[in-house]
Structures are given as structure tokens and as C-alpha cells.
Amino acid sequence: MKLEDLSPEAALAALQWQLTLGADEAISPVPLDRLKDPSPEGAPLSEAPNLQAQERPAAAAEPTGPRGPVQDAIRIAASAQSLDALRAGLAAFEGCALKQGARNLVFADGLAGAHVMVIGEAPGQEEDRMGLPFVGASGRLLDAMFAAIGLSRTAADPASGLYITNTLPWRPPRNRTPSDDEVQMMLPFLERHIALAAPRVIVPMGSPAVKAVLATATGITRLRGRWAEREGIRVLPMFHPAALLRDPMKKRQTWADLLSLSAGLRG
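## Some remarks on the sheet that holds strand β4 (residues 201-204)
Then comes step 1: The mixed open sheet is built from 6 strands, whose spatial order is β1-β3-β2-β4-β6-β5. Every interior strand has two partners, whereas the edge strands, β1 (109-110) and β5 (228-230), have only one.

The following block contains the structure:
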């Protein structure tokens, strides 16, 4: 059946089905490495990978430090003196390709200055639509989890409040797991976010978050429930709520982690 043979109702239903499957972004057919030098101005997109591989004269040797989008991220993040300034810097940053396919920047939610800072992986479809982290089914479960130990993103008291953000501020296509390159590119913003929020405890949820916060290659399964430290801030990794929805058997371990967090905040 051709597209023109579809009725308006059938075409709308087909489009909604694609959106449900996550096919809601237009992406390039050619993969681009955003951490490398861009291709020369005016070069066709299909030629960019070959241009990257061309040999360069010895005088144009690669510098040893970060550059391009990563250098921009470091500079913009370091210049932010407040959370509002950091949000504005993120909104202006053009170095991450995920921004092109996202509807909204997802910066943070909850009480700035709360003793507990929750860091997730990346926005999903609902987060992207609303511009807030941890909404939808995962968000409702997260709220219930922390409410069980007296913590809430709506609390006005830092001792009982939550401040919530993600490792990445833009949604990856089809809710895929963030790549290591994407996490590394946005890491300067996350590090500055932590410094400005100044929590007593960080709770990274999921492997991308724990790897970014603790600069480790070890995943969440081995690190969950084990207290660590990052630049003087205590860190308690936990499973992401989405993992609990997929595997309810993990809820028992997560409850033990929540009790550990509660005890740690009292100590």
C-alpha cells in the first residue's frame, strides 16, 4: 500500500505507532564523531569520514589537551557561577548532537541546596516532553522510594529535600543508553552542577551515572549499596527506577540501600 492510499485516520495511526516505538527524531544517515575536528566548511556530509582520516602535515600535530566541543564545555561550565548561569550555558551549548533531536533541555528538579542530589542517566520520552527529570512511571516510583525515608523533591527543607538531575540533559534517540563519548563530552557540566548544588550525598542511579560520578568502569550491579566518596561528598549508588520496573526482584536490594541512605544522613 502506498502512502497516498492511506486515509487521514490510518496515516495518523501509523505516525502515532512510530512515535510509540521512539522514531521521533530525524538523524543523519552518516555517523559523526563530535569529538574530532569538523570537516572543512562546504564539504559534503558523506565525505566527512574520509576527510577525518587524511594525513596532516607534521606542523599540524594534535594538541594533547581537550579541544573543540569538549573544550567549549569545559570553558562554559567553569564560567557558570550559579545554577541559573549553568542552565543558560547548557542551553547555548551546541557541541552535543543529542540537542538536535531533543524537544527540551532537561536541567533539574527539586530543591537546590538539598542534602541529597539524585543523578540519573538521561531523559526519556516523558522527561523530554516535560523538560523535567524523572517523570512518568520511573519518576513516580522514585518519588515513592524516597518518600518512604522522608525525602521529597517538593520539600522546602534541605534536610528532607531532593535535588534531581541527569548525567545528560538531552534525550538520546529511542531512549538508548548514553554512549561513553556523550557522557565524557557533558561531564564538565555535570561536575560543575555538583559543585554548585553542593549536596551532602550524591545518589547516582544506573551505570552511566555511577561511572560518571565516580570515574570508574565498574557498573551499578557491583557498586550499588556501597558507600564511596567524590571530592569530599559521600556517594551511594543505587539501581535506576527503570531497572526496578523491569526486574521487581531488585526492589529488596534498593530498600536496603534506602535504609542505608537514611542512616547515613542521620549520622
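## Side note on unusual backbone geometry
The phi angle of most residues is negative, glycine excepted, and most peptide bonds adopt the trans form.
Then comes step 1: We note that Arg-174 has phi near 60°; this positive angle belongs to a residue other than glycine.
Then comes step 2: Along the chain, the position of Arg-174 falls in the loop between β3 (162-166) and α8 (180-197).
Then comes step 3: The phi dihedral of Glu-231 falls on the positive side, at around 50°, and the residue is not glycine.
Then comes step 4: According to the relative accessible area criterion, Glu-231 is exposed, its value standing at 72%.

## Details of the packing of aromatic side chains
Then comes step 1: Scanning the entire structure with this criterion turns up 1 aromatic pair.
Then comes step 2: A cation over a ring is seen here: Arg-234 above Trp-227, with NZ or CZ 3.9 Å from the ring centre.
Then comes step 3: Lying over the aromatic face of Phe-239, Lys-250 brings its terminal NZ or CZ to 5.4 Å of the ring centre.

## A look at the packing of helix α3 (residues 68-79) against α8
Then comes step 1: Between α3 and α8, whose axes approach to 7 Å, the crossing angle comes to 10°. As summarised for this structure, α3 and α8 are arranged roughly parallel, according to the angle between their axes. Only Met-185, Pro-188, Phe-189 and Arg-192 of α8 make contact with α3, whose side of the interface consists of Pro-69, Val-70, Ala-73, Ile-74, Ile-76, Ala-77 and Ala-78.

## Things to note about the pattern of salt bridges
One side chain can pair with another of opposite charge once the charged atoms of both are near each other.
Then comes step 1: This model, assessed by the stated rule, comprises 10 salt bridges.
Then comes step 2: Note that Asp-72 is salt-bridged to Arg-75, the shortest N-O span being 3.6 Å. One end of the pair is Asp-72 and the other is Arg-75, both in helix α3 and 3 residues apart, which spans about a single turn.
Then comes step 3: The partly exposed category is assigned to Asp-72, whose relative accessible area is 33%.
Then comes step 4: Owing to a relative accessible area of 51%, Arg-75 belongs among the exposed residues under this scheme.
Then comes step 5: Measuring nitrogen to oxygen at the nearest pair gives 2.6 Å for the salt bridge that ties Glu-182 to Arg-176.
Then comes step 6: We classify Arg-176 as partly exposed; its relative accessible area is 32%.

## What to know about the nonpolar core
Then comes step 1: Grouped together as the largest cluster of nonpolar side chains are 36 residues, with contacts concentrated most on Phe-93, Ile-119, Tyr-163, Trp-170, Met-186 and Phe-189.
Then comes step 2: Listed by contribution, the elements that provide at least two residues to this core are α3, α4 (83-92), β2 (116-120), α8, α9 (207-214) and β6 (233-235).
Then comes step 3: When residues of this core are assigned to their parent elements, the largest contribution, 8 residues, is made by α8.
Then comes step 4: Here Phe-93 is in contact with Pro-69, Asp-72, Ala-73, Ile-76, Lys-99, Trp-170, Met-185, Met-186 and Phe-189, once residues within four sequence places are set aside.
Then comes step 5: Among the nonpolar cores identified, the runner-up in size contains 24 residues, and Phe-134, Met-145, Phe-146 and Leu-261 belong to it.

Procedures and definitions
- Residues numbered from 1 in each chain as written.
- Predicted model: local features only at pLDDT ≥ 70, side-chain atom pairs only at ≥ 80, totals over all residues.
- Heavy atoms only, no water.
- Pairing = 2+ DSSP bridges.
- Helix = DSSP H or I, 4+ residues; strand = E, 2+ residues; numbered from the N terminus.
- Buried < 20%, exposed > 50% of the residue type's maximum accessible area, 1.4 Å probe, protein only.
- Phe/Tyr/Trp six-rings, centres within 6.5 Å; stacked < 30°, edge-to-face > 60°.
- Lys NZ or Arg CZ within 6 Å of the ring centre and 35° of its normal.
- Axes fitted to C-alpha atoms, helices over the stretch in contact; angles between N-to-C directions.
- Parallel < 35°, antiparallel > 145°, perpendicular 65-115°, else oblique.
- Contact = heavy atoms within 4.5 Å.
- Salt bridge = Lys/Arg side-chain N within 4 Å of Asp/Glu carboxyl O.
- Core = buried A, V, L, I, M, F, W, Y, C linked by side-chain atoms within 4.5 Å.

What is shown is where atoms sit, not what they do.
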